[in-house]
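Chain and residue survey
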Amino acid sequence: MSPAKAPAKPVRILLAKVGLDGHDRGVKVVARALRDAGYEVIYTGLRQTPEMVVDAALQEDAQVIGLSLHSGAHMTLFPAVVSELKKKNATDIIVFGGGIIPDDDVEELKKQGVAELFTPGTPLQDIVEWLRKRFPSS
Amino acid sequence: MRALARAITMVERRDAEVRELQQALRDRVQTPYVVGFTGAPGTGKSTLVDALVALLRKRERSVAVIATDPNSPFTGGAILGDRIRMQRHALDPKVFIRSMGARGHLGGLSLAAREAIRLLGAFGFDPVILETVGVGQSELEVAAVADTTVVVLTPNLGDGVQMIKAGILEIADIFVVNKADLEGHQRVATELRSMLSLAPKSQDKAWKQPIVATSATRQEGIEELWAAIESHRKHREAGGKAKAQAEQRLKDETAEVVAEIARQRAREALADGGVLAERLREDGTPYEVAEEILRLLRGPRELTP
Ligand SMILES: Nc1nc2c(ncn2[C@@H]2O[C@H](COP(=O)(O)OP(=O)(O)OP(=O)(O)O)[C@@H](O)[C@H]2O)c(=O)[nH]1
Ligand SMILES: [Mg+2]
């Protein structure tokens with residue numbers, strides 16, 4: 001089997017858990033699905049602050065940041081990542097989020113610059129297809 | 001910082017445009033000292049690197065880490081998780097951590113890693129620490145890039161030192177028996193020591209491979225490890241080995257770059273529907289068409305990878 005069919009320029013996605021909840025089973029499942037879809041996933045672990053997430057994304061030259069959070073602080077932490085990106089002149093990096101997020105909050109977060117939100121029960125394939133639309137060559 | 005991160009991406013993509021930046025940085029390039037860490041999955045390499053970075057930061061060195069993990073050869077995807085263990089350095093501007101998937105380009109990681117190391121040097125990072133999980137041929141690639149190669153073992157070796165993967169004893173400049181807080185580490189060190197005294201494995205006959213016990217999670221043995229790395233560095237420099245090896249590696253790297261350019265040009269020349277693709281189909285063997293492509297390569301077109 002030749003590796004030639006793998007994309008020469010894989011999209012790099014930084015996945016992080018923000019907030020204080022201490023389990024990461026869900027985000028690891030997402031990581032595996034994205035890997036299997038051909039993405040390079042950089043997983044940075046639990047309890048990341050917005051500054052840590054953005055710094056890591058810059059060092060890793062990630063095009064996408066995926067945030068996972070189940071502690072209910074999404075209305076503060078997700079926009080904090082977006083504004084940290086603004087501060088660092090890196091608004092070209094796309095942010096998506098996952099967690100238990102009510103519809104009203106979804107709308108508000110999108111207004112604040114979070115590109116997409118996925119709630120529990122979303123088929124993993126939906127995340128992959130969303131990324132494919134964003135990065136057609138991937 | 002973003003400029004550096006972007007340049008490393010270009011290097012990984014084998015994007016020729018990065019040459020301009022490299023040219024501009026030429027005068028700043030100070031080749032950093034490269035320490036490679038390799039060993040079986042889960043032996044504690046990232047935790048050790050994290051502890052070593054902490055020690056080096058105390059000594060006010062700027063440190064870069066390149067952590068590699070093989071991609072799936074089928075999808076090109078990868079999960080790069082070594083950063084998890086290095087989070088305490090997250091906001092330190094003097095620590096630059098980069099995860100790399102070995103993307104299955106021939107020559108694998110080594111070409112990209114060498115160029116990334118030069119870039120990191122130009123941005124003031126020295127030393128550069130290279131972590132690679134020891135599967136397939138990857139540990140050989142680390143040894144080919146690193147100035148000092150550290151092979152990490154643990155007490156839970158299963159069938160003992162005899163079962164250590166072939167070839168790995170030869171590439172080590174230093175052995176670490178990590179997880180020295182666990183039962184059995186002394187046995188591993190003793191077995192290894194007696195094995196090495198019966199049949200030394202070091203490629204450099206004048207260098208006796210030291211064995212350092214560490215507990216990365218407890219940050220024990222890290223100063224001893226750095227001291228061992230420093231004495232290996234001095235040994236190489238005193239014996240003239242550093243210079244000879246640098247020259248040899250530059251030759252190897254040049255040959256690899258030539259191979260990379262030639263491979264790319266050959267693929268272009270053999271594109272579907274072309275004359276050469278047709279001839280290849282008729283010939284059924286590669287040699288004559290290969291000769292033809294080599295003749296074409298000598299042609300006037302400027303060589304760019
Ligand atoms: N008891 C003990 N556990 C350790 C020590 N060092 C690392 N570990 C644990 O070993 C596990 C693997 O550590 P890592 O640092 O991720 O190992 P690694 O070699 O980088 O793993 P890969 O990159 O996946 O090959 C973690 O659970 C660590 O906490 C040690 O000195 N003692
Ligand atoms: Mg690791």
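As the structure is a computational prediction, the values presented were derived from the model and not from experiment.

Glancing now at the domain arrangement of chain B. Residue and element names in this part refer to chain B. As far as domains go, chain B holds domain 1 (2-171) and domain 2 (249-297). When each unit is reduced to the centre of its C-alpha atoms, the spacing between domain 1 and domain 2 is 31 Å. Counting from both sides, the interface comprises twelve residues of domain 1 and, opposite them, seven residues of domain 2. Between domain 1 and domain 2, a total of about 790 Å² is buried, with carbon and sulfur atoms accounting for 37% of that surface. The tally of links between domain 1 and domain 2 comes to two salt bridges.

The next thing to look at is the nonpolar core. Membership of the largest hydrophobic core comes to 28 residues, with the highest contact counts inside it found for Ile65(A) and Phe78(A). Going through the elements one at a time, β1 (12-17), α2 (50-60), β3 (64-68), α3 (74-87) and α4 (103-111) of chain A together with β3 (78-80) of chain B are the ones with two or more residues in this core. With near-sequence residues (within four places) excluded, Ile65(A) lies in contact with Leu14(A), Val53(A), Ala57(A), Val81(A), Leu85(A), Ile93(A), Ile94(A), Val95(A) and Phe96(A). If you look at the next biggest cluster of nonpolar residues, it comprises 27 residues, including Leu52(B), Leu56(B), Val63(B) and Val152(B).

What follows concerns the pairing of β1(A). Side chains on a regular strand alternate between the two faces of the sheet. Residue and element names in this part refer to chain A. Of all the six residues making up β1, six are buried; the element is thus mostly covered by neighbouring parts of the structure. The two faces of β1 match: Arg12, Leu14 and Ala16 on one face and Ile13, Leu15 and Lys17 on the other face are all buried. For the segment spanning β1, helix α1 (residues 25-36) and strand β2 (residues 40-43), crossover handedness is right-handed. Where β1 lies against β3, five bridges are found, and the strand directions are parallel. Residue leucine 15 lies in a different strand from β3, and its bridge partner there is glycine 66.

Across the boundary between the two partners, chain A contributes 35 residues, which contact 30 residues of chain B. The contact between chain A and chain B buries some 2,800 Å² in all, and 52% of this surface belongs to carbon and sulfur atoms. At the junction of chain A with chain B, the criterion picks out six salt bridges. Salt-bridge contacts for Asp61(A) lead to Arg6(B); the nearest nitrogen and oxygen are separated by 3.6 Å. Between chain A and chain B we count 15 residue pairs in polar contact (both at pLDDT 80 or more) in total. Going through the elements one at a time, α1, β2 and α2 of chain A are the ones with two or more residues in the side of chain A that touches chain B. Residues of the side of chain A that touches chain B, tallied by class, amount to 16 nonpolar, seven polar and twelve charged.

All names here are of chain B. Coordination of the magnesium ion (ligand 2) by the protein comes from Ser46 (OG), Asp82 (OD) and Glu131 (OE), over a distance range of 2.1 to 2.2 Å. Written as a sequence motif, the donor residues of the magnesium ion (ligand 2) are S-x35-D-x48-E. Of this pair, serine 46 sits in helix α3 (residues 45-58) while aspartate 82 sits in the loop between β3 and β4 (95-102); the two residues are 36 residues apart in sequence, bridging distant segments of the chain.

This next bit is on the sheet that holds strand β2 (residues 63-70) of chain B. The strands that make up a sheet are held in pairs by hydrogen bonds between backbone atoms, and each pair lies either parallel or antiparallel. All names here are of chain B. Sheet architecture is open: seven strands sit in the order β4-β2-β5-β1-β6-β7-β8, paired in parallel fashion. Each having just a single partner strand, β4 and β8 (211-213) make up the two edges of the open sheet. Taken pair by pair, the neighbouring strands of this sheet meet at an average axis angle of 20°, ignoring direction. Looking at chain direction, strand β1 (residues 34-39) and strand β5 (residues 128-133) are connected through six bridges and run parallel. Of the residues in β5, the one forming a bridge with valine 35 is isoleucine 129. Across the sheet, helix α7 (residues 185-198) lies against β6 (148-153), β7 (174-177) and β8, angled at about 155° from β7, the strand it touches most.

Procedures and definitions
Residues numbered from 1 in each chain as written. Chains lettered and ligands numbered in written order. Predicted model: local features only at pLDDT ≥ 70, side-chain atom pairs only at ≥ 80, totals over all residues. Heavy atoms only, no water. Domains from an automatic or database assignment. Contact = heavy atoms within 4.5 Å. Buried area = accessible area lost by both parts, 1.4 Å probe. Salt bridge = Lys/Arg side-chain N within 4 Å of Asp/Glu carboxyl O. Core = buried A, V, L, I, M, F, W, Y, C linked by side-chain atoms within 4.5 Å. Buried < 20%, exposed > 50% of the residue type's maximum accessible area, 1.4 Å probe, protein only. Helix = DSSP H or I, 4+ residues; strand = E, 2+ residues; numbered from the N terminus. Right-handed = clockwise from strand over helix to strand, strands pointing away. Pairing = 2+ DSSP bridges. Polar contact = N/O pair within 3.5 Å; in protein donor to acceptor, adjacent residues only side chain to side chain. Nonpolar A, V, L, I, M, F, W, Y, C, P; charged D, E, K, R; others polar. Donors = N, O, S within 2.8 Å, 3.2 Å for Na, K, Ca; no water. Axes fitted to C-alpha atoms, helices over the stretch in contact; angles between N-to-C directions.

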